[in-house]
Each structure stands twice: as structure tokens, then as C-alpha cells.
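Here are the chains, one letter per residue:
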Amino acid sequence: MREFNVCIVGGGSTFTLGFLKSFVRMKKDFPLKKLVLFDIDQERQDVVGKFGDILYREQFPELDFSYTTDSKEAYEGMDFVFMQMRAGGLPMRAQDEHIPLSMGMVGQETCGAGGMAYGLRSIVEMIKAVHEIREYAPDAWILNYSNPAAIVAEALRREFPADHRILNICDQPENVVRSCSRLLGCSWEDLDPVYFGLNHYGWFTHIYDKHTGEDLLPKIKELIKKQGFLPQDAEQRDPSWLDTYGMVETMMKDFPEFLPNTYDQYYLYPDYKAETLDPNFTRADEVMAGREKRVFAECEEIIAAGTLGDKFDDISDAHAEMMIEVAVAIAFNKNNRHILIVENNGAIANIQDDAMVEVVCELGANGPRPMGVGNIPQFYLGLLVNQVSSEKLLVDAYYENSYQKALEAFTLNRLVNDGKKARKVLDALIEVNQGMWPELR
Ligand code: G6P
Ligand code: MN
């Protein structure tokens, strides 16, 4: 069987451990020859890398594993590059969340003003990185998880129009499907969803039982009404994630037609979210106090012991699993269904062709084949066209170094929605993003 070379960009991320363990668990499905971690932050990279040395020595000795801060070493000879970079790191995520909240607007990693701030940083770094990858690995599949995925996808579409081996992915739609399986008491793999939207802004119109063909959405709605909505892995989640999933119940009360993505809450209730999120302790703070400490402590402990001992847990990690399954679908031409971010080209019939939309696709060796959903109802169309416009204007701002376009993007975004507020928050974000954003004139 063929074996693959994989690079993870953002090797020092708190999500990398899940990948490293999943590669062991899934080595039969996705045989690896070589794995390289790449990060520009040597300190974080070294800790995760040393953990990897021990893990693979004990669990996967035939794997050629290394970690580096050198891009040539990272990319040369790669079949797949998994990208999960966080431009500006968690400290800048905190700024993206705190600054808008301090002005009475939603402060969130990928939505609203914070998401746009992160978007401009990510565009700069992602475009640079993809050019470098293409220098050393012209045919590698680039699987991008880096956020804000909607904005990054639009920028990569424009920068690399002829490159058909870049795929943008988010795990959230699949996480919602997994939550439904928890409610139904079945395996998430038995569910066949129909979904439309943009990244972090979409809806499920049907969730079919793969075996009987029954649409389970009515049943799921009843169960949510009675039991609320929890992530599949609720026991491993921080309190803020339980709130986030809990809001699905509220959304289903007010807008019962389709099952929403958890992120829709920011767009449907911007005032409520801005009032109830804690401006002094946002999700970034929770991650820095929790997952970041936990992951690095786990690494340090194993490095100090020099062995995994009985410390090795291989709890399944939905994030990593999905990315690896996406690679498997391409590598072995599986034509499995995944919810992916692709150029619209009619998939949502009443949205412009060049929008980057999120829909179910069949995925094989030649990439994704989107499954059309026809026209979407006016309510969703209105919301999504507004957001597509905001995202496109932000990418215009990057290419044209245009303050005006950025101001328009911010003004149009539902989580800002006012020209004066837009200018105020944009100016504050320009201040803290100096050197990380394109210059806006
Ligand atoms: C989900 C989203 C990702 C996002 C992540 C943040 O998985 O799909 O796009 O980056 O949540 O998780 P965190 O635990 O860091 O808040
Ligand atoms: Mn996502």
C-alpha cells in the first residue's frame, strides 16, 4: 500500500497533540512514511516535537518523524500539508475578542470585527506560506484548517485561481452531526446530512439515516426541544463550548425550519451575545488558562519521564480525525461525503458563483465535487449575501491596501452594522495589528 508524507503547519499548536495521537490510531487507514512538524515558534515546536519523538519511538517506530522551523525541510517531498496556523497566536486572539467586546460588539475568533482582524493577519501569512509550499511541493494537497476559514478561502481563491489542490475545511458542521448522533444514540457515520451556508454560518436542511433513507431532522428537533443540545464530546469541553451548543436550542425555537451551525448564534443574536460574553474573560483566556496549559504540561511530563509509560491516552479527537479522513478520501479516491468550503459555481443556485460556500461534497482524488442544494429561502439568502459581501470587501481591502474597503467590510458585517462603530473598532484594531496587517491607506 502507498505511504504518504505529511507536514503539519502550526506544529506547536495545542491541536497538534491530537493529530500526533490520531496518526497512531489511524495508521492502517492512512499509512504514513514521513511526518514533519513545522512552526515558526521554535519553543512551542520543540516541546510538541520532543513529545512526538517519544510517542513515535514507542508506538510507530517505522515512521520518519521530525520537526523544524525551516520551510524547505518542512515542505520538500510532501504529499499533504495540513495547515492550522494561528497568525498572531492566542495573545492576538485575545485582542480580537476583547477589543470589539469593550465597544459593545461581539468579540469572537472568527465572526464579526475580531474575525475580520484575524482575517487580515491570516491572509498575509497564508498567502506567504502557500507560495512557499508551492516552491518545494508543487503537487502537494494543501488541507487548510486555519481560520477564519471563510476569509482565508476567499483570499486563496483569488491568489491561486488555477491551483486545484488547496482545500479549506472546518470541523464544526461535522461536530454538529456528531452531536445529533449523540442525541439519536447512533453513530455519526450513519447520518447523511444536507447542508448549505458559508463557513461558520450555515444550516442543515435534512439529516438522513444512511440505511433507511428516513429524514431524521424532525426527530432531532423534538429531541433538542426536550433535552437541549450538547457536543458529542461534552465531557471533555470547557463551559463556554457547552453554552455555544446550548444556543442551538434557542435558535431552533426562533427559527425552527433548519438545524443551525452553532456559530449562527452570533449573527442571529448579536446584541444578546455582546451583552452576555464576558469582556474580561473570553474564549482565548479560557484556552490559555486551560487547554494550552494542559497540553504543554502533558508534553513536559512525558518528556521528563522519557517514556509514555501508562500516560498515553488515545481519546479520539474529532478535529484531527476529520482532517485525516479528508486526506484518506483524496489519497484513496474514496468519494466519501464531507462538508467542505468550495467555490459556489451554482451549488447554492441563488448565490453568486464566485462566493466560497460550505456544502456537502463528494471527495476523491480529483478533489471535491459539491452537491447542489438549489435555491435557498429568502431569509437565509439575505443573511448570507450580506456576509459574502463583507468577506469579499475585506479581501479587497487586503489587495488594494484600502482603508475604505475595510470600513465597508466592517460596516456591512451584521456584528458591527454601523458606520461609526465600524470606524472606531477598525481604528483600534489597526493600532494593535501593526506589522501583521497590510497597510491600509
Ligand atoms: C471549532 C471551529 C474552529 C475553531 C475552534 C476553536 O472547532 O470549527 O474553527 O478554531 O472551534 O476552538 P477553541 O477550543 O480554540 O475555542
Ligand atoms: Mn471552523
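Let me sum up the structure you'll find in this document. Predicted model only: the values in this text are computed from it and were never measured. (Residues numbered from 1 in each chain as written. Chains lettered and ligands numbered in written order. Predicted model: local features only at pLDDT ≥ 70, side-chain atom pairs only at ≥ 80, totals over all residues. Heavy atoms only, no water.)

Considerations on the overall build of the chain
Here is step 1: Helix and strand content of the chain: 17 helices and twelve strands.
Here is step 2: Radius of gyration (C-alpha) of the chain: 21 Å, near the 22 Å computed for a compact globule of 441 residues.
Here is step 3: Taken across its 441 residues, the chain has 58% of its residues classed as buried.
Here is step 4: Working note: accessible area of the chain is about 17700 Å², and carbon and sulfur atoms make up 48% of it. (Helix = DSSP H or I, 4+ residues; strand = E, 2+ residues; numbered from the N terminus. Rg over C-alpha atoms; globule rule 2.2 N^0.38 Å. Buried < 20%, exposed > 50% of the residue type's maximum accessible area, 1.4 Å probe, protein only. Areas by Shrake-Rupley, 256 points an atom, 1.4 Å probe, with all protein chains shown as cover.)

Observations regarding the state of the cysteines
Here is step 1: Summed over all chains, the structure comprises zero disulfides.
Here is step 2: In this structure Cys-186 is a free cysteine whose sulfur lies 8.7 Å from that of Cys-180, the closest cysteine sulfur available.
Here is step 3: Cys-186 sits in the partly exposed class, given a relative accessible area of 29%.
Here is step 4: Free of any disulfide, Cys-361 has its nearest neighbouring cysteine sulfur in Cys-170, separated by 13 Å. (Disulfide = S-S within 2.5 Å.)

Notes on the pattern of salt bridges
Here is step 1: Counted by the stated rule, this structure contains 30 salt bridges.
Here is step 2: With a shortest N-O distance of 2.9 Å, Arg-182 and Glu-235 are connected by a salt bridge. In this pair, Arg-182 sits in helix α7 (residues 172–184) while Glu-235 sits in the loop between α8 (217–227) and α9 (239–254), placing the two residues 53 residues apart along the sequence.
Here is step 3: Between Asp-396 and Lys-405 there is a salt bridge whose closest N-O contact spans 3.9 Å.
Here is step 4: On the basis of relative accessible area, Asp-396 is assigned to the buried category, the value being 17%.
Here is step 5: Where salt bridges share partners, they join Glu-154, Arg-157, Arg-158, Glu-343, Asp-354, Lys-392, Asp-396, Glu-400 and Lys-405 into one cluster. (Salt bridge = Lys/Arg side-chain N within 4 Å of Asp/Glu carboxyl O.)

Considering the sheet that holds strand β5 (residues 141–144)
Here is step 1: Strand order in the open sheet formed by nine strands is β3-β2-β1-β4-β5-β6-β10-β11-β12, and the pairing between neighbours is mixed. The sheet is open, and its two borders are formed by β3 (64–68) and β12 (367–370), each paired with just one other strand. Here the average twist between neighbouring strands, direction ignored, is 35 degrees.
Here is step 2: Here strand β4 (residues 80–83) pairs with β5 via four bridges, running parallel. What sits directly across from Phe-80, in β5, is Trp-141.
Here is step 3: This element, helix α1 (residues 16–25), spans β1 (4–9), β2 (32–38), β3 and β4 of the sheet and lies at about 170 degrees to β2.
Here is step 4: Each of β1, β4, β5, β6 (166–169), β10 (336–343) and β11 (356–364) touches helix α14 (residues 318–331); the most contacted strand, β4, lies at about 155 degrees to it. (Pairing = 2+ DSSP bridges. Axes fitted to C-alpha atoms, helices over the stretch in contact; angles between N-to-C directions. Contact = heavy atoms within 4.5 Å.)

Concerning the packing of helix α4 (residues 89–102) against helix α5 (residues 112–136)
Relative placement of two packed helices is described by the angle separating their axes and the distance separating the axes.
Here is step 1: Relative orientation of the contacting elements α4 and α5 amounts to 145 degrees, with a least axis distance of 8 Å. Crossing handedness for the pair α4 and α5: right-handed. For the pair α4 and α5, contact is made by Met-92, Arg-93, Asp-96 and Pro-100 and by Ala-113, Gly-114, Ala-117, Tyr-118 and Arg-121, respectively.
Here is step 2: Considering only residue class, the contact of α4 with α5 consists of five nonpolar, one polar and three charged. (Left-handed = near helix turned anticlockwise from the far one by under 90°. Nonpolar A, V, L, I, M, F, W, Y, C, P; charged D, E, K, R; others polar.)

Topic: the sheet that holds strand β7 (residues 191–198)
Here is step 1: With antiparallel pairing, the three strands of this open sheet are ordered in space as β7-β8-β9. This sheet does not close on itself; its edge strands, each paired only once, are β7 and β9 (259–260).
Here is step 2: As paired strands, strand β8 (residues 201–209) and β9 are joined by two bridges and run antiparallel to one another. Directly across from Trp-203, in β9, lies its bridge partner Pro-260.
Here is step 3: Across the sheet, α8 touches β8 and β9, and the angle it forms with β8 is around 115 degrees.

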